[in-house]
Protein chains: 2
Amino acid sequence: MLVGRLTLVSAPRRQLPTYLTSLLYCVKRKLYSERTMSSVNKTAHAFDKTRFDALLNRRFFYAPAFEIYGGVAGLYDYGPPGSSLQANIIAEWRRHFIVEESMYELDTTIMTPAPVFEASGHVARFADWMVKDTGNGEVLRADHLVKNVLEARLEGDREARGQATQVVAAADDKKKKRNEVKSTAVKLEDAVIAEYDSILAQLDNYTGPELGGLMRTHAITNPASGNPVGEPQQFNLMFASSIGPTGQHPGFLRPETAQGHFLNFNRLLEFNNGRVPFASAQVGRSFRNEISPRAGLLRVREFNMAEIEHFVDPLDKSHPRFSEVADVELVLLDKYVQAAGQSTTRIMTVGAAVKEGVIANETLGYFVARIYAFLLKIGIDGKRLRFRQHMANEMAHYAADCWDAEIQNSVGGWTECVGCADRSAYDLSVHTAKTGIPLVVRQALKEPIVEEKAVAEWDKKSMGKTYKSEAGLVSAAVTALDEAGLMKLKDELAKGPTTIKAEGKEFTIEPGMLTIERKTFKTSVREFTPNVIEPSFGIGRILYCLLEHSFWSREQDVERGVLSLPAVVAPTKVLIVPLSARAEFDPLVKEVSLRLRKAGIHARVDDSTATIGKRYSRNDELGTPFGVTLDFASVQNRTMTLRERDTTDQRIGSIDDVIGTVIDLVQGSIEWAEACQRLPAYDGVQAVE
Amino acid sequence: MLVGRLTLVSAPRRQLPTYLTSLLYCVKRKLYSERTMSSVNKTAHAFDKTRFDALLNRRFFYAPAFEIYGGVAGLYDYGPPGSSLQANIIAEWRRHFIVEESMYELDTTIMTPAPVFEASGHVARFADWMVKDTGNGEVLRADHLVKNVLEARLEGDREARGQATQVVAAADDKKKKRNEVKSTAVKLEDAVIAEYDSILAQLDNYTGPELGGLMRTHAITNPASGNPVGEPQQFNLMFASSIGPTGQHPGFLRPETAQGHFLNFNRLLEFNNGRVPFASAQVGRSFRNEISPRAGLLRVREFNMAEIEHFVDPLDKSHPRFSEVADVELVLLDKYVQAAGQSTTRIMTVGAAVKEGVIANETLGYFVARIYAFLLKIGIDGKRLRFRQHMANEMAHYAADCWDAEIQNSVGGWTECVGCADRSAYDLSVHTAKTGIPLVVRQALKEPIVEEKAVAEWDKKSMGKTYKSEAGLVSAAVTALDEAGLMKLKDELAKGPTTIKAEGKEFTIEPGMLTIERKTFKTSVREFTPNVIEPSFGIGRILYCLLEHSFWSREQDVERGVLSLPAVVAPTKVLIVPLSARAEFDPLVKEVSLRLRKAGIHARVDDSTATIGKRYSRNDELGTPFGVTLDFASVQNRTMTLRERDTTDQRIGSIDDVIGTVIDLVQGSIEWAEACQRLPAYDGVQAVE
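Keep in mind that what you see is a predicted model, and the values were worked out from it rather than measured. (Residues numbered from 1 in each chain as written. Chains lettered and ligands numbered in written order. Predicted model: local features only at pLDDT ≥ 70, side-chain atom pairs only at ≥ 80, totals over all residues. Heavy atoms only, no water.)

Participant: Explanation requested: the sheet that holds strand S5 (residues 127-132) of chain A in the structure shown.
Facilitator: Residues and elements named next belong to chain A. The strand order across the open sheet formed by three strands is S6-S5-S7, and the pairing between neighbours is antiparallel. The open sheet has two edge strands, strand S6 (139-141) and strand S7 (233-236), and neither has a second partner. Each adjacent strand pair in this sheet contributes to an overall mean axis angle of 50 degrees, direction not counted. Bridge count between S5 and S7: four bridges; the pairing is antiparallel. Looking across to S7, one finds that Met130 is bridged to Gln233. (Pairing = 2+ DSSP bridges. Helix = DSSP H or I, 4+ residues; strand = E, 2+ residues; numbered from the N terminus. Axes fitted to C-alpha atoms, helices over the stretch in contact; angles between N-to-C directions.)

Rendered as structure tokens:
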């Protein structure tokens, strides 16, 4: 399960040291496409959250659901470009994971009867701690309250010391709007700063009562009202409902897709001819009734997840393809560093991390590296991505190890977007315990195991006569003996009557009543409950971070926003722009559209009356990587121009050559530099933007 | 909304007359691929539901959800082949509708606050009628009870007359298992048969009290217990929940995706530059808390829908592409025929149906024809598909016209799988009424409308003095007058004081108090609420019917089941079979896999130790249309054989030629006959199955 905690950490204190990020950058540059062209300055303007939000809203990437009814916190609708972007991320996820590793895809139900979540532990434990304002009854999430108040005090301290940064100032507006905590310039003692930093670094590690303690110790009240808050109470995050017309069958909406995999384990195992390892995968909607969600797409009550359950032999967690990823370097933040109240990351290869026991095993390491490759491929900035290990209290008690892919963004700081956990045999075991149905692998042993064991056999008749209603008690006492105990009893019986204790009472055993013999047993089948490695992706969080990482404004005009989405996920790959709406362009527009569609490339025609520059600008906002223009030369000479979004560079060629080139570009078989070698630069009139 | 009623009609009484089906078949054969090869007898064995179910279950197409917990009626999980089949149906739906018509895709939330469904009418009316067994409290759906009991009586009559057919006998087993009504051989009067037939034909037309009346008149009791049942009560089919921690915000799981489109209308309209027509589309999960679902995938509590909302000008429901479909012939069952208690279909072109007013307008007709083409393309048998018009009581009061695509199958008879309704301006209007936010189109008129209207103007001061608290009453009475009334009043006032009646009382108006003049008004903007044409697809029902229509058994061996799924939806397109697991085959297997994957074709390798015949058989059950075999000749001469699933015909060629041919086959650019011209027949040893 994706645990779903947002680690809202103030950006300035937590950024990687510059030397580390630049090192990482150099090491990684060959692994992901370097999209920043030398001629383009994407950082000429600081990231502007207001402009960014305005673009997403205006172009309907997504919007608050039920907006005309006043909206509901934590529920969002995706409009046309957002839906496409999401669908493309999911399609790439399927290629990268399901197709590449021949996983078994599932589509299981969301509505789930209560007994399933009683067994899984969700009914008892899938909860957050909330506090109530003692004055107005407002409900707040306990850990968020602590975090927001302490961060505001630290921010106030920086202000008092004259250290407040531009980034922080920009964030203030946002906080005001979201009704968060406004800082006041008050200087703090150095020791207090250190204590607050330490609390924030291990915030995910506190229990509810501990959070209550922190609130008392540090005089934390509801900042909106100034009222004190009550003791933290647990609130279960599952949406409850009732199945059928009688009201007698309580159900919950799943908070993760994982249980659907576990419950179908036996069918999946059979599908894989009874052998592990194999993996199931599922993309689908999940629901969490968040206490008071206020972080946009980062904390929502309904969201798409993509989850993998990779079932392995607990005695062999090696992975056959581990060598392919062993040299991949990752930025890691391990549990020991965090427990010490620090947040210093280190760079390690996956191979070294597994070898040194930082990551628990090969299969877990393999998936961490695959997650990393996936996120880079869809356009996440490698400099703003790290893997954080769960701390002891944070991790489920049964889990062997867990790493979150955290992506840095302006709303949530370093935000968990993917979880990757070794959940041991927990899930299959609890469902077996509840249902009595074995969820195990039976493995034929190449060499049968032969062993001798002492076996006790009673003379049932005389036993019943002697012990009567206590016969079961005596029998159980003998059964409980180990090998040595049984052999000792055998020796005693050889000498005459002896005694055994059961529930504090002593029973006499006559020789003749009990025979103990060593017998030979042969086992040719090994039975075991597989362990589960679970990579779990929050699609909406990844999508939001990707949008932030892709956004910038043109150097010459801050109003001209661009989303530099990679072609693989861009909602539209090619914009087709006829110079005018004249009928003579129609056949060419149709031809180009059809040829791109046949190549499986999603193109859109913009035949509005706006200038070509304006039409390109509008599509820069939608992240469309390429544009082709049909003008009078196209009609006369069958030439066409090709424009690249980030550089606004334009090339010209025959319609055939341009289509061939743009197909290669979209499919990723060439880079823009190669396209420039194929097609000469264009300096015609409409190139001026 | 897909209304979701299942018309369970006994097959023998309702089948199309043979001459009609064969006529239809001849007419339509060019429209869909004729998959039955002359050398293959797909009907050598009668359809066997038990074998069919066993195949779907064994190969994990789908299975009851929470099976190890005893299952929950109406909830199913899709396994690997079922998930792929579903994903492929949805992908084709996107190509056929969204891409082809440039629709705007949305992804909106499932959890919905109560006010939305209060406005839409779902809270008050989205309900089924249920009855309670007066003895044991069992809850039954009222219309299903009437239907099951009357059908059993008709069946008993047929048995008594010696007319019971094989199909019916096979269905009996199923009924027993599903605890449905077992028939008893009792002969009925001819008049009673006619009455039962008439009731069954218009079952969807009855209100709850009417169903109660039928139960009394025809002495219908709970067949399981023999107990009488109570009066029909309404049961709302929406799953209820609560949003947020306070319990003060009731919510429902959406029973359709449609409201998400309507609530975003203004954003979509802006996305389309303020103009209609345009269409939004959404594929997603919906939920209905069915009373006692027992019809497999045909009646479930959670399901995937694909819905289109096409917004049009109410004054112009023409469609620019109507001419492309005007000649398509459809099997229609109109409302007049059904209201007369009949079920005789007729064949009409869409063009004629719209012209003669059978289908209400061009846009509705266009979508009916497009739905038809889609269903044939994915493999639905055109002979088992008809379009049934909703009857007066069945249709929502606001709807202008509604047609269901019904697909015949062994479980539900003719089953609604797609609904296509003209919902007028209802949906947008109710949300405007509830929220006060206009959901309208403002259209600039080319020619402003200029009109003269009489306008009444009071001398406010003397009016107040004269009428005092009744001034509003008098003013309203004048405002209510039409043009002629105002002009008459003007004439009267020109002669002196006159009177007007308001709420039964007469008021005197003095000349001077009221001036009436004709004035000129100019309107340059027309404002209107668009109408909505809504095609709504139940993906699971279509998937189930497709599986039934695709299933048959080999003539020589009834145990060898085949699913003749078209390549476009088949879970796997190509099976790659190496003759043995020897290492020398590995490079070839890799090469073929990679080349197919690069062409975007989903292939699977079966390198198990089973015989080649057995491996092909197993994949016939999964619907894999093509298989390629790598043997020792492949290693030596780079040849490969190609097998077609339905005919089991095998051809041979170079690896390059076979790959080229199989790519063309899967992409639908050639048929098997053409592949046979390219590649010679193969008669090698492993061809023998």
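So much for the structure itself; the text now carries on.
Participant: In this structure, what is going on with the relation of the copies chain B and chain A? I would like to understand it.
Facilitator: Both copies of the chain are related by one operation, a rotation about an axis with a shift along it. The two copies are related by a screw motion: chain B maps onto chain A through a turn of 179 degrees and a shift of 0.1 Å along the axis, at an RMSD of 0.7 Å. Here the symmetry operator amounts to a two-fold rotation axis. Relative to the rotation axis, the closest C-alpha in chain B is found at Ser241(B), a distance of 2.4 Å. Same-surface contact between copies: 100% of interface residues of chain B are shared with the interface of chain A. (Least-squares fit on C-alpha atoms with pLDDT ≥ 70 in both. Contact = heavy atoms within 4.5 Å.)

Participant: Mind showing me how you'd approach the domain arrangement of chain A here?
Facilitator: Under the domain assignment, chain A is made up of domain 1 (7-45 + 561-678), domain 2 (80-121 + 241-429 + 531-539), domain 3 (127-236) and domain 4 (446-528). A straight line from the C-alpha centre of domain 1 of chain A to that of domain 2 of chain A covers 33 Å. (Domains from an automatic or database assignment.)

Participant: For this particular structure, what's the right way to read the packing of aromatic side chains?
Facilitator: One pair of aromatic rings is described through two measures. These are the centre distance and the angle between the planes. Evaluation of the coordinates by the stated rule reveals 50 aromatic pairs over all chains. Look at Phe626(B) and Trp672(B): their rings are 6.3 Å apart centre to centre, the planes differ by 25 degrees, and that puts the pair in the stacked class. Taken together, the residues Phe626(B) in strand S26 (residues 626-630) and Trp672(B) in helix H26 (residues 672-678) connect sequence positions 46 residues apart. The class of Phe626(B) is buried, set by a relative accessible area of 9%. Three or more aromatic residues link up through ring pairs in this structure, and these residues are Tyr104(A), Phe262(A), Phe265(A), Phe271(A), Phe278(A) and Phe311(A). Above the plane of the ring of Phe60(B) lies Arg267(A), whose end atom (NZ or CZ) is 5.2 Å from the centre. (Phe/Tyr/Trp six-rings, centres within 6.5 Å; stacked < 30°, edge-to-face > 60°. Buried < 20%, exposed > 50% of the residue type's maximum accessible area, 1.4 Å probe, protein only. Lys NZ or Arg CZ within 6 Å of the ring centre and 35° of its normal.)

Participant: Is there a simple way to think about the environment of Thr515(B) in this case?
Facilitator: Residue and element names in this part refer to chain B. For Thr515, the position within the fold is in strand S20 (residues 514-528). Spatially, the C-alpha atom of Thr515 lies 44 Å from that of Phe311, the residues being 204 residues apart in sequence. Leaving out residues up to four positions away in the same chain, Thr515 has contacts with Val455, Ala456 and Glu457.

Participant: What exactly am I supposed to notice about empty space enclosed by the protein here?
Facilitator: To find the voids left in a structure, one rolls a probe of water-molecule size over its atoms. Taken as a whole and judged by the stated rule, the model has twelve cavities of 30 Å³ or more. As a volume, the largest cavity reaches approximately 280 Å³. Mapped onto the lining of the largest cavity, the elements with two or more residues apiece are strand S2 (76-78), strand S11 (302-312) and helix H21 (539-550) of chain B. At three residues, the largest contribution of residues to the lining of the largest cavity is made by S11(B). Considered class by class, the residues forming the lining of the largest cavity number seven nonpolar, seven polar and seven charged. Each pocket or cavity is described by its volume, and for the second largest cavity that value is around 130 Å³. Elements represented by at least two residues in the lining of the second largest cavity include exactly strand S2 (76-78) and strand S11 (302-312) of chain A. Ranked by residue count, the leading element in the lining of the second largest cavity is S11(A), at three residues. (1 Å grid on protein atoms, 1.4 Å probe; cavity = no way out; pocket = protein on both sides within 12 Å on 5 of 7 lines; lining within 4 Å. Points joined across faces, edges and corners; volume = space filled by probe spheres on them. Nonpolar A, V, L, I, M, F, W, Y, C, P; charged D, E, K, R; others polar.)

Participant: Hey, could you run me through the UniProt feature "domain: Aminoacyl-transfer RNA synthetases class-II family profile" (unreviewed entry) in chain A in this one?
Facilitator: Residues annotated by UniProt as "domain: Aminoacyl-transfer RNA synthetases class-II family profile" (unreviewed entry) correspond here to residues 228-578 of chain A. Helix makes up 28% of residues 228-578 of chain A and strand 38%. Its end C-alpha atoms lie 64 Å apart. (UniProt positions renumbered as here; feature names shortened; annotations may be inferred.)

Participant: Any chance you could explain the interface of chain B and chain A here in plain terms?
Facilitator: A common way to express how large an interface is: the accessible area buried when the components associate. If you look at the interface, chain B gives 70 residues, while chain A gives 70 residues. Both faces considered, chain B and chain A share a buried interface measuring about 5,900 Å² in area, 62% of it formed by carbon and sulfur atoms. Sorting the residues of chain B by area buried against chain A places Ile68(B), Tyr69(B) and Arg267(B) first, and these three jointly supply 14% of that buried surface. The interface formed by chain B and chain A includes six salt bridges. Two residues, Arg597(A) and Glu100(B), come together in a salt bridge whose shortest N-O distance is 3.4 Å. Linking chain B with chain A are 36 residue pairs in polar contact (both at pLDDT 80 or more), by the criterion used here. The leading source of residues in the side of chain B that touches chain A is helix H4 (residues 80-99) of chain B, at five residues. Of the residues that constitute the side of chain B that touches chain A, the class distribution is 37 nonpolar, 17 polar and 16 charged. (Buried area = accessible area lost by both parts, 1.4 Å probe. Salt bridge = Lys/Arg side-chain N within 4 Å of Asp/Glu carboxyl O. Polar contact = N/O pair within 3.5 Å; in protein donor to acceptor, adjacent residues only side chain to side chain.)

Participant: Just to check I follow, could you spell out the sheet that holds strand S27 (residues 639-644) of chain A for this structure?
Facilitator: Backbone-to-backbone hydrogen bonds join strands into a sheet, with any given pair of strands oriented parallel or antiparallel. Residue and element names in this part refer to chain A. Reading across the sheet, the five strands line up as S25-S24-S26-S27-S28 and stay open at both edges, with mixed pairing between neighbours. Sheet topology places strand S25 (603-605) and strand S28 (650-654) at the edges, where each strand pairs with a single neighbour. Across the sheet, the axes of successive neighbouring strands diverge by a mean angle of 25 degrees, strand direction being ignored. With five bridges connecting them, S27 and S28 associate as antiparallel partners.

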